[in-house]
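What follows is each chain in one-letter form.
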Amino acid sequence: MALDYEQQYYSKDIKLIVGCDEAGRGCLLGDVFAGAVILPKDFKCDLINDSKQLSEKQREEAFQIIKENAIAYGVGRCTAEEIDKINILNASRLAMERAIENMNHKFDMIITDAVKMNKYDCPKEALIHGDALALCVAAASIIAKVCRDHYCYELDKQYPEYQIAKHKGYGTKIHLEALDKYGPKKGLHRFTYAPVKKRLIEKITLF
């Protein structure tokens, strides 16, 4: 499938299109990350694809290509506490807004992977499966995923008992077993997520 969806929008009024996507939405712990990327109109790279379709090695390689070739890019994030407070959809949107702000560049249009943006006075599209259709959104998905993976490796050093490097915060068997053994940790886990909430209630009930 060609990742050229955004090409239809380029015109005298739309020259700079920013793609946005998030990583870590379904995780039980840590921050949700978002990427924002503006690519040159004629930029092409066969390696850039939906981050979920790439190996970690391919993502790292694509990450460097994007950083070297993008007109601008930015990264934003929301903490586990913010996610618990405003919910994951709003946190994902806020992380995207922060990524756009950190990009620090003008733009004419925003295409996101299915998340509606309310803040900006410009053409916007919340594109279902945007990371598999638009090159700028696929690039943003790679930026978000690689940055979140790097963050998870740092978390793994701080909290080795949870083996975060192996599961990146997702609800795998290893992670759930660690939650059963050590319980959820404040500031790390998302307490409103059902598997975490369940174990928090069990822990409170025990004591």
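Everything here concerns the structure above.
Everything in this summary refers to the structure shown in the same document. All of these numbers come straight from a predicted model, not from anything done at the bench.

1. Quick look at the pattern of salt bridges
Within the structure shown, the criterion is met by 11 salt bridges. Note that Lys 52 and Asp 50 form a salt bridge whose closest N and O atoms lie 3.2 Å from each other. Its relative accessible area of 61% is what places Lys 52 among the exposed residues. Connected via shared salt-bridge partners are Asp 50, Lys 52 and Asp 131.

2. Remarks on the nonpolar core
Val 37, Ile 48, Ile 66, Ile 142 and Ile 164 are the most contacted members of the largest nonpolar core, which has 30 residues in total. Every element with two or more residues in this core is listed here: strand E2 (32-38), helix H1 (56-69) and helix H4 (135-158). Counting residues per element, this core draws most heavily on H4, which supplies 11 residues. What Val 37 contacts, discounting residues up to four positions off in sequence, is Ile 17, Val 18, Gly 19, Ile 66, Ala 70, Ala 72, Tyr 73, Met 103, Cys 136, Ala 139, Ala 140 and Ile 143. Ile 83, Ala 95, Tyr 193 and Val 196 belong to the second-largest nonpolar core, a separate cluster that totals 27 residues.

3. Some points on the sheet that holds strand E1 (residues 17-23)
Within a sheet, adjacent strands bond to each other through the backbone by hydrogen bonds, running parallel or antiparallel. Taken together, five strands build an open sheet; the order of strands is E3-E2-E1-E4-E5 and the sheet is mixed. Single-partner strands in this sheet number two, and they are strand E3 (72-78) and strand E5 (124-126). Strand-to-strand, the axes of this sheet are offset by a mean angle of 15°, without reference to chain direction. Alignment of E1 against E2, held across six bridges, turns out to be antiparallel. Across the sheet, residue Glu 22 finds its bridge partner in E2, namely Ala 34. Each of E1, E2, E3 and strand E4 (109-112) is contacted by H4, which is oriented at about 40° to E1, the strand it contacts most.

The rules behind each value
Residues numbered from 1 in each chain as written. Predicted model: local features only at pLDDT ≥ 70, side-chain atom pairs only at ≥ 80, totals over all residues. Heavy atoms only, no water. Salt bridge = Lys/Arg side-chain N within 4 Å of Asp/Glu carboxyl O. Buried < 20%, exposed > 50% of the residue type's maximum accessible area, 1.4 Å probe, protein only. Core = buried A, V, L, I, M, F, W, Y, C linked by side-chain atoms within 4.5 Å. Helix = DSSP H or I, 4+ residues; strand = E, 2+ residues; numbered from the N terminus. Contact = heavy atoms within 4.5 Å. Pairing = 2+ DSSP bridges. Axes fitted to C-alpha atoms, helices over the stretch in contact; angles between N-to-C directions.

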